[in-house]
Structures are given as C-alpha cells and as structure tokens.
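The residues making up each chain are set out below.
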Amino acid sequence: MFDQLFQPMDLGGQTLPNRMVLPPLTRSRAGDNGVPTPLMAEYYRQRSGAGLVISEGTVVSPQGASYARVPGLYSEHQVQGWRPVVAAAKSQGAAVYAQLWHVGRQAHSSVQPDGGKPCAPSAIAITGWQYRSPQGRVPFEEPRELSIHGIREIVEQFAVAGRNAMAAGFDGVELHAANGYLFDQFLNSSSNRRTDQYGGSVENRLRFLNEVIDAVSSHMPANRIGVRISPSSTWMDVFDPDKRALYCALVRSISPRGLAYLHLVEPGIAGAVDSADHAEPITSSELGALFDGPVIVTGGHTPRTAAATIGSGEADLVGFGRLFISNPDLPLRVRLGAELAGLRPEGLYGGGPKGYTDYPALQTAN
Ligand SMILES: Cc1cc2nc3c(=O)[nH]c(=O)nc-3n(C[C@H](O)[C@H](O)[C@H](O)COP(=O)(O)O)c2cc1C
C-alpha cells in the first residue's frame, strides 16, 4: 500500500529507507539537567522504522528552555546521554537529526537559571496565551531585549549545540524556526521592533537565522542542516502584515545554501494541535516550489494524503506527529494496510512509560 511512501531517497548523502518522518515531538522525559534517559532510547527505538527521525526540541542553553524535562545539547553529560538514544533511533537505518531549540520569550523567569526575565528580540510580551508553570497558568512576562552581544552569544550556543549533536552521533540538525519560538520572534514584526541590523527590513529580520546557519555550518556540511518553519501560524502572537512576503523571502534566502531540507508545518496547525485560527494560509506547495532541495511537510497528514502529496511532487517527505506517538511501528502498519491506533491523552508531556512507550507494536497489539 502507498508505494510512494516507500521509495528510498537521498538526504544529505544518506539513503533514507522510506519517506515517512518522525517529526520533532516534545515528550518531557529527560532526566535532571536535560540529560536523555534510557526510557527515551526505548521510545526512539520503537519509532526507528521512520526514514528520517527528528529529535524532540532540544535546547541550546538553560535560558532557551521553558518546559520541564526537555533535553539539551550544551553539556558533555547531555552528549553522553544522547549517544545510546541516537544509536537506538538509527537501529533500522533512519537518518537521525537533532532539533535545536531556543524558546526566547516563551520562557518564564521561574525557569530561568538566574531567575531573570526571558530574552527576545524586543521587550514585547506574548498576549492571549498563558505560560504553563508548575503552579498553574500565569501570564507571559515582558522579556528583556537582547543586546547585540547577547545575540552573538546565542548564535555561538547554536554552533556549540551543532558540534555536540555530531559528537552524540546525530547525522545532522534541524533549526526550530517554527511555532513562535526565538527564530520566529526575530522573523515576525509583531515580536521584533528592533532598529538595528536585526530588525526593520525583512532582510534584517532574516539575519539571525542566516547567522546561525553560518555558525552551525562550521561544524557540519550545510547539507546536514535543515530548517523548520510554520508560515501560516500565528500561535504565540507571531504576526506580520505580510507573512507571505516574509516566508517567501526566507525560503529564497536559504534556498541557495545547499541545506539538507526545508520542513514546512502545514496551515491549520497551532503548535501541537489543530486550529482554524491562523493567518491566511500559505500553502506548502507554494513555498516548497521556491526551495532548491528536499521538502518535508508535517501537519494533519494521513498515509493517504501523504502518498498523494509525494506522488504529486509537492513534497519529498511527510511527517506524522500524533500518528507516530500512538503507532510506534507506523511504517510497518502502513505497508501492511493495518489499522492505526488513536492517541490517548495521558502522558503526552512528562511522566513515565505510560502514554510514551506503552503503545503496542503490531505484533503485540490486541
Ligand atoms: C506532543 C507534541 C509535542 C510536540 N513537540 C514539538 C517540538 O518539540 N518541536 C516542534 O517543532 N514541533 C513539535 N510538535 C509539533 C509536531 O511536530 C507537528 O508539527 C504537529 O503535531 C502536527 O503534525 P501531526 O498532525 O502529524 O500531529 C509537537 C506536537 C505534539 C503533538
């Protein structure tokens, strides 16, 4: 069934066994200090039948985190913790990329290492959403505006995390420029009111992303760096009067760089959930056509829509988020035309094996 999903393809000089992607999924099971755990190795081993595995969002610094128990790639302990997890994810031949993450103003002083304000391009708080603190939901705070020096430090943190990713055995990295996090905060004018070289014109707002790509490129070939964007999403208050012009300019600017891939979140997704509340949809086929290289699309796909999307040439790879959580052996099930299991609400973020590694594989189902 769905032969299009089972054609091997080249990604950054590696042969992927199929076109199905495990997209980044935060599951909050890291140990103390963001060190990956054996339970995480089991989770990724179960989902290693994907052609491409992208890790959950992995922070480049303690300041870049906002949720409990997310893994990092800024310390030697984390690198060591990742090694068996990456090896498990590679056990069936997938390429394995680390999603590098900085949340910017989506953090909160209660989780900042020095108790200070989170950082962002400009001192503009998120409105209309609440921060989920251990004590319950609280309003987001006004972040502190990053200095030029502060921006350079974060660029360097991404470079170090890229180097650490390679040391941990990852094949490449994905820069998380989607979902209203730090890159997106630089890109959109509602969160970036800077008057220096990082704000104002679209070219200036693209500068931070391009500088991070340059910095990470010093530790790996450009064809091992992917970029993820969510062009139609306004989740977490990222607005721009002309998102189409912004994201078309972004894709045109990164296209000549020989990157591993462009990863597009489909319209209709707000972070981790479906939503009808978004900017004017910018279709993935429109943006993908501007990119000279492999395109991944993720968001609301079934095996049937994914096969059609690949068959029509609109994308090369398709991510399955929630379906991969509830069907660890999703590629096998799709190949056999087996029934797909639904998502259970418990254990989505945090906890132990329940809702994480206890979704049965096909042979043990029923
Ligand atoms: C539990 C959960 C955690 C997620 N964590 C991340 C993340 O760390 N990084 C990211 O870019 N997207 C994250 N997402 C978004 C997914 O990668 C994906 O874009 C979204 O689930 C839509 O795809 P789907 O309809 O196939 O589930 C998360 C989604 C879910 C459900």
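See above for the structure.
Given the structure is predicted, the values throughout are model-derived calculations rather than measurements. (Residues numbered from 1 in each chain as written. Predicted model: local features only at pLDDT ≥ 70, side-chain atom pairs only at ≥ 80, totals over all residues. Heavy atoms only, no water.)

**Notes on the nonpolar core**
The tendency in soluble globular proteins is for nonpolar side chains to be buried side by side. With 81 residues, the main nonpolar core has F158, L175 and F208 as its most contacted residues. In terms of residues, this core owes the most to one element, helix α3 (residues 148-168), which gives eight residues. Leaving out residues up to four positions away in the same chain, F158 has contacts with V60, L100, W101, H102, L175, F183, F208, V212 and V216. By size, the runner-up hydrophobic cluster in this structure holds 13 residues, among which are W101, A107, I126 and W235. (Core = buried A, V, L, I, M, F, W, Y, C linked by side-chain atoms within 4.5 Å. Buried < 20%, exposed > 50% of the residue type's maximum accessible area, 1.4 Å probe, protein only. Helix = DSSP H or I, 4+ residues; strand = E, 2+ residues; numbered from the N terminus. Contact = heavy atoms within 4.5 Å.)

**Examining the sheet that holds strand β5 (residues 95-101)**
Spatial strand order, β3-β4-β5-β10-β11-β12-β15-β16: eight strands in a closed barrel with parallel pairing. Within the sheet, the average angular offset between the axes of one strand and its neighbour, ignoring direction, is 25 degrees. Where strand β12 (residues 261-265) and strand β15 (residues 295-298) come together, four bridges link them in parallel fashion. Bridging across to β15, V265 finds its partner in T298. Contacting β4 (52-59) and β5, helix α2 (residues 76-89) crosses the sheet at an angle of about 155 degrees to β4. (Pairing = 2+ DSSP bridges. Axes fitted to C-alpha atoms, helices over the stretch in contact; angles between N-to-C directions.)

**Things to note about the packing of α3 against helix α6 (residues 207-217)**
Where α3 contacts α6, the two axes come as close as 8 Å, and the packing angle between them is 40 degrees. Judged by the inter-axis angle, α3 sits oblique to α6. Of the two possible hands of crossing, α3 and α6 adopt the one that is right-handed. Taken together, the residues of α6 that come into contact with α3 (itself represented by I151, I154, V155, F158 and A159) are F208, E211, V212, A215 and V216. Of the residues belonging to the contact of α3 with α6, the class tally is nine nonpolar, no polar and one charged. (Parallel < 35°, antiparallel > 145°, perpendicular 65-115°, else oblique. Left-handed = near helix turned anticlockwise from the far one by under 90°. Nonpolar A, V, L, I, M, F, W, Y, C, P; charged D, E, K, R; others polar.)

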